[in-house]
Amino acid sequence: MADALPILRCGGRNIFVRPTPLPKRSGCVGCDLSSRRSPQMIDAQDRPVFIEADHVSWTVLDAGAVAQWYTDVFGATELFRMGPLDAAQIPVGDDGRDWMESHINVPGACLTLIMLKLTANLNFQLVQYDKPAIRGTTLPRNCDAGGHHLGIKVDDVEKAKRYLVAHGCTAMDTIDITDGPLAGKKNLYILDPWGHQLEIVD
């Protein structure tokens, strides 16, 4: 493995990474992009100004409980909460669709949302759906389409690991990066008590 670079260290072992080109994809599966204009075809004056990120949103099973945990453990501050907002109690639109279908893309929904200030630069929205009756409850894995994690920077990854495990989290092994553009950094994948994916970095 002379041409591989040992850039990660985990559990006392070097993880050798051999550069591999990404596989070519044939395009968006199920998407018809033939009618879309390329960026080169869009007049610059038609492009809005994308100022900054506003918030991250998770759909959770119990917004109140999750919000309380992030308030107690992370020191988050609750900014506001709304709901329950029920499509059955909102007039339908002129096209016959209910408000949740035409605005949220979930017909017949009833939802409650809580907005937290999680860190100085991150608003964290938690949304709980009580309708429709049929809705998924299995969280995606990191390898699944739609898989995601919330990355939080801390002053000490190992200290954060001990603290979060003591508060009900499940931690993976810490990744010690010894080479490459992130040399000297530590990353930790960890699950909160409901199984939501977090990454703690320094």
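Conventions used here
- Residues numbered from 1 in each chain as written.
- Predicted model: local features only at pLDDT ≥ 70, side-chain atom pairs only at ≥ 80, totals over all residues.
- Heavy atoms only, no water.
- Helix = DSSP H or I, 4+ residues; strand = E, 2+ residues; numbered from the N terminus.
- Buried < 20%, exposed > 50% of the residue type's maximum accessible area, 1.4 Å probe, protein only.
- Arc of directions from axis to C-beta.
- Contact = heavy atoms within 4.5 Å.
- Polar contact = N/O pair within 3.5 Å; in protein donor to acceptor, adjacent residues only side chain to side chain.

Novice: Residue-level account of unusual backbone geometry, with values.
Specialist: Of the consecutive residues Gly-83 and Pro-84, the connecting peptide bond is found in the cis state with omega at 5°. Topologically, Pro-84 is positioned in strand β4 (residues 77–86). That bond from Lys-131 to Pro-132 is cis: its omega, 10°, falls within 30 degrees of zero. Secondary-structure assignment places Pro-132 in the loop between β6 (122–131) and β7 (150–153). Residue Asn-105 is not a glycine yet carries a positive backbone phi of 70°. Residue Asn-105 is classed as exposed on the basis of its relative accessible area, which comes to 65%.

Novice: Explain helix α3 (residues 157–166) residue by residue, including any values.
Specialist: When α3 is considered as a whole, its buried residues turn out to be Val-157, Ala-160 and Leu-164. Down the axis of α3, the sector holding all buried residues measures 60°, keeping them to one side. Residues of α3 that are exposed and point more than 90 degrees away from the buried face comprise Lys-159, Arg-162 and Ala-166. Close packing links the buried residues of α3 with α1 (63–74), β10 (186–191) and β11 (197–201). Between the side-chain oxygen of the N-cap and the backbone nitrogen of Glu-158 there are 3.1 Å, and the N-cap of α3 in question is Asp-156. A positive phi of about 95° marks Gly-168, the residue just after α3.

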